[in-house]
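Overview (structure and organization)
Letter by letter, the chains look like this.
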Amino acid sequence: ERGGSYSLENFRHLALGEVSSTNTECLTRARQGEASGLWITAERQTAGRGRRGRAWTSEVGNLYASLLLIDPSPPELLSSLPLAVSLAVHWTLRRVLPATAEAVEIKWPNDVLIGRKKSCGILLEAEILPDGRRAVVCGIGINIRHRPETAPYGVTSLQEQGATSSAGEVFTHLFDEMIQILNIWDHGHGVAEVTRFWRSAACGIGTMIRVNLPDRSLDGVFVGIDDDGLLILETENRLHHIAAGDVFLLET
Ligand code: BTN
């Protein structure tokens, strides 16, 4: 049985000023032989990346953080890593938000929402290094002081929700929570435990949702997630297990 391999002393933190993207910084260092467990944070990004090739606006005052993991698990377990990362963020937000803040929930796969509004973004990128090791970078952006003025979905910031913590203080919690969840995830039946925690933090289970896939969109009931972290959607005639797509909640 695996387990307990993510110990505190293996984690390091490098705080930078302006970078193109903290994910890029981690990948560059991985190619140069950096060991697993390096966190890079930056005050500002000039080319922050979002999912699906979108840009992530990165003004000073928000948190931009990336964690480099090398060969974090057998490849077949990697599909549940984004869920684990979203839980670490969920736990972090619950530590820094006041009791008056709106509910913190996760929208599949890993959007952490406050009051159904997007408050952070998570981007995992993987690469096989020249020496055959697999680098996985977990990039996390949290809206602390700023949020986009316009977005195709509701957005919020921690400040707007009454939190007073700085990016550095939020990062301290994220650092701890990530070690916690990685140890759960990596341990024996950890994936099942992560999916169980994830289900209890998720929004929209049992309700109608729309999933936009690259080639079509499907409306159905969000049944839950399977043990690989795939979304289970029930339409009139069948159950679909979906690995990637954009989810829209159709009921409020
Ligand atoms: C999304 O589209 O929701 C994901 C956004 C991820 C943004 C973070 S900020 C830190 C890290 N560096 C990047 O370039 N992107 C991620």
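Located above this text is the structure these notes cover.
For the structure given in this document, a descriptive report is provided here. Note that this is a predicted model, so its numbers are computed, not measured. (Residues numbered from 1 in each chain as written. Predicted model: local features only at pLDDT ≥ 70, side-chain atom pairs only at ≥ 80, totals over all residues. Heavy atoms only, no water.)

1. Observations regarding the environment of Trp56
The cut-off we apply is this: A helix here means a DSSP run of H or I that spans at least four residues, while a strand means a run of E at least two residues long, and both kinds are numbered starting from the N terminus. Contacts are assigned to residue pairs with any non-hydrogen atoms lying within 4.5 Å of each other.
Within the secondary structure, Trp56 is located in the loop between β2 (38–45) and β3 (63–70). Distance in space between the C-alpha atoms of Trp56 and Gly141 is 8.4 Å, their sequence separation being 85 residues. Setting aside residues up to four positions removed in sequence, Trp56 forms contacts with Gln45, Gly48, Arg49, Gly50, Tyr64, Lys118, Cys120, Gly121, Gly141 and Asn143.

2. Some details on the packing of helix α2 (residues 81–96) against helix α4 (residues 190–201)
In plain terms, the rule: Simply put, an axis is a line fit to the C-alpha atoms, just over the touching stretch for a helix, and the angle between two N-to-C directions goes from 0 to 180 degrees. If an angle is under 35 degrees, it is roughly parallel; if it is over 145, roughly antiparallel; if it lies from 65 to 115, roughly perpendicular; otherwise it is oblique. Definitions for this section: a left-handed crossing has its near helix turned counterclockwise from the far helix by less than a right angle. A right-handed crossing has that turn clockwise. When residues are grouped by polarity, Ala, Val, Leu, Ile, Met, Phe, Trp, Tyr, Cys and Pro land in nonpolar, Asp, Glu, Lys and Arg in charged, and all others, Gly among them, in polar.
α4 packs onto α2 with a crossing angle of 50 degrees between their chain directions and a minimal axis gap of 10 Å. Taken together, the axes of α2 and α4 lie oblique to each other. Once α2 is placed against α4, the crossing between them reads as left-handed. Seen from α2, the contacting residues are Leu83, Ala84, Ser86, Leu87, His90 and Trp91; seen from α4, they are Val194, Thr195, Phe197, Trp198 and Ala201. Split into classes, the residues belonging to the contact of α2 with α4 amount to 8 nonpolar, 3 polar and no charged.

3. A few points about the nonpolar core
For the record, the criterion: In these notes, a set of buried Ala, Val, Leu, Ile, Met, Phe, Trp, Tyr and Cys residues joined through side-chain atoms within 4.5 Å is what counts as a nonpolar core. Type-normalised accessible area, obtained with a 1.4 Å probe on protein chains alone, sets the label of each residue: buried when under 20%, exposed when over 50%, and partly exposed for intermediate values. Domain delimitation follows an automatic or database domain assignment.
Membership of the largest hydrophobic core comes to 59 residues, with the highest contact counts inside it found for Trp39, Leu81, Ile142, Leu158 and Met178. The leading source of residues in this core is helix α3 (residues 167–185), at 11 residues. Built from parts of two domains, this core gets at least three residues from each of domain 1 (8–201) and domain 2 (208–249). The residues contacting Leu81, other than those within four sequence positions of it, are Leu69, Leu124, Val136, Cys138, Leu182 and Trp185.

4. Focus on the site of the ligand
Heads up, the condition is: One heavy atom within 4 Å of a molecule or strand is enough for the residue carrying it to be called near that molecule or strand. Any pair of N or O atoms that falls within 3.5 Å is considered a polar contact. Within protein, one atom must be able to donate a hydrogen and the other to accept it, and sequence-neighbouring residues count only if both atoms are side-chain atoms. Using the Shrake-Rupley algorithm and a 1.4 Å probe, accessible areas are obtained, with residue cover drawn only from the displayed protein chains. Buriedness for pockets is judged along seven lines, at least five of which must meet protein on both sides within 12 Å for an open set on the 1 Å grid over protein atoms alone, while cavities are sets there where a 1.4 Å probe fits but cannot get out, and lining residues have an atom within 4 Å of a point. Assignment to a cavity or pocket requires that more than half of a molecule's atoms be within 2 Å of the site's grid points.
In the neighbourhood of the ligand, 19 residues make up the surrounding shell, with Ser21, Gln45, Arg49, Arg51 and Lys118 lying closest. In this structure, Arg51 approaches the ligand through a main-chain N or O atom, which is 2.7 Å from an oxygen atom. Here an oxygen atom of the ligand and a side-chain polar atom of Lys118 are 2.6 Å apart. In isolation the ligand has 420 Å² of accessible area, and contact with the protein removes 98% of it. More than half of the atoms belonging to the ligand lie within 2 Å of the grid points that define the largest pocket. Counting residues per element, the ones that place at least two in the shell around the ligand are α1 (22–31), β3, β7 (120–128) and β8 (134–142).

5. Examining the pattern of salt bridges
Here is the rule: By definition, a salt bridge exists where a carboxyl oxygen of Asp or Glu is found within 4 Å of a side-chain nitrogen of Lys or Arg.
Following the criterion strictly, the structure yields 16 salt bridges and no others. Salt-bridge contacts for Lys117 lead to Glu102; the nearest nitrogen and oxygen are separated by 2.9 Å. Of the two residues, Lys117 sits in strand β6 (residues 117–118) while Glu102 sits in the loop between α2 and β4 (104–107), which places them 15 residues apart along the sequence. Taken together, the shared-partner salt bridges in this structure form one network comprising Arg51, Lys107, Asp111 and Lys118.

6. Some points on the layout of surface pockets
Operational definition: Grid points are joined across faces, edges and corners, and a volume is the space filled by probe spheres set on the points.
Taken as a whole, the largest pocket holds about 950 Å³ of empty space. Counting residues per element, the ones that place at least two in the lining of the largest pocket are α1, β3, β5 (111–114), β7, β8 and β13 (246–249). Among the residues making up the lining of the largest pocket, the classes are represented as 17 nonpolar, 18 polar and 11 charged. Three or more residues apiece are contributed to the lining of the largest pocket by two domains, here domain 1 (8–201) and domain 2 (208–249). As for the second largest pocket, its lining consists of 21 residues, of which Arg51, Pro82, Pro109, Asn110 and Ala243 are closest to the centre. Within the residue set of the lining of the second largest pocket, elements represented by two or more residues are α2, β7 and β13. No other element matches β7, which puts 3 residues into the lining of the second largest pocket. In terms of residue class, the lining of the second largest pocket is built from 11 nonpolar, 4 polar and 6 charged. Both domains that furnish three or more residues to the lining of the second largest pocket are identified here as domain 1 (8–201) and domain 2 (208–249).

7. Focus on the sheet that holds β13
Condition: By the convention used here, strands pair only if DSSP detects at least 2 bridges between them.
With respect to topology, 5 strands assemble into an open sheet ordered β12-β11-β10-β9-β13, the strand pairing being antiparallel. Each end of this open sheet is capped by a strand with a single partner; those strands are β12 (239–242) and β13. Each adjacent strand pair in this sheet contributes to an overall mean axis angle of 45 degrees, direction not counted.

8. With respect to the pairing of strand β1 (residues 12–19)
As a reminder of what qualifies: Place the viewer so that the strands point away; then a crossover is right-handed whenever the path from the first strand over the helix to the second strand goes clockwise.
Pairing of β1 with β2 involves 7 bridges; the strand directions are parallel. Bridged to Val19 within β2 is Gln45. For the segment spanning β1, α1 and β2, crossover handedness is right-handed.

9. A word on the packing of α3 against α4
As a packed pair, α3 and α4 sit with axes 7 Å apart at the nearest point and diverge in direction by 125 degrees. Taken together, the axes of α3 and α4 lie oblique to each other. Residue-level contacts link Ile181, Ile184 and Trp185 of α3 to Gly190, Val191, Glu193, Val194 and Phe197 of α4. When grouped by side-chain class, the residues that make up the contact of α3 with α4 number 6 nonpolar, 1 polar and 1 charged.

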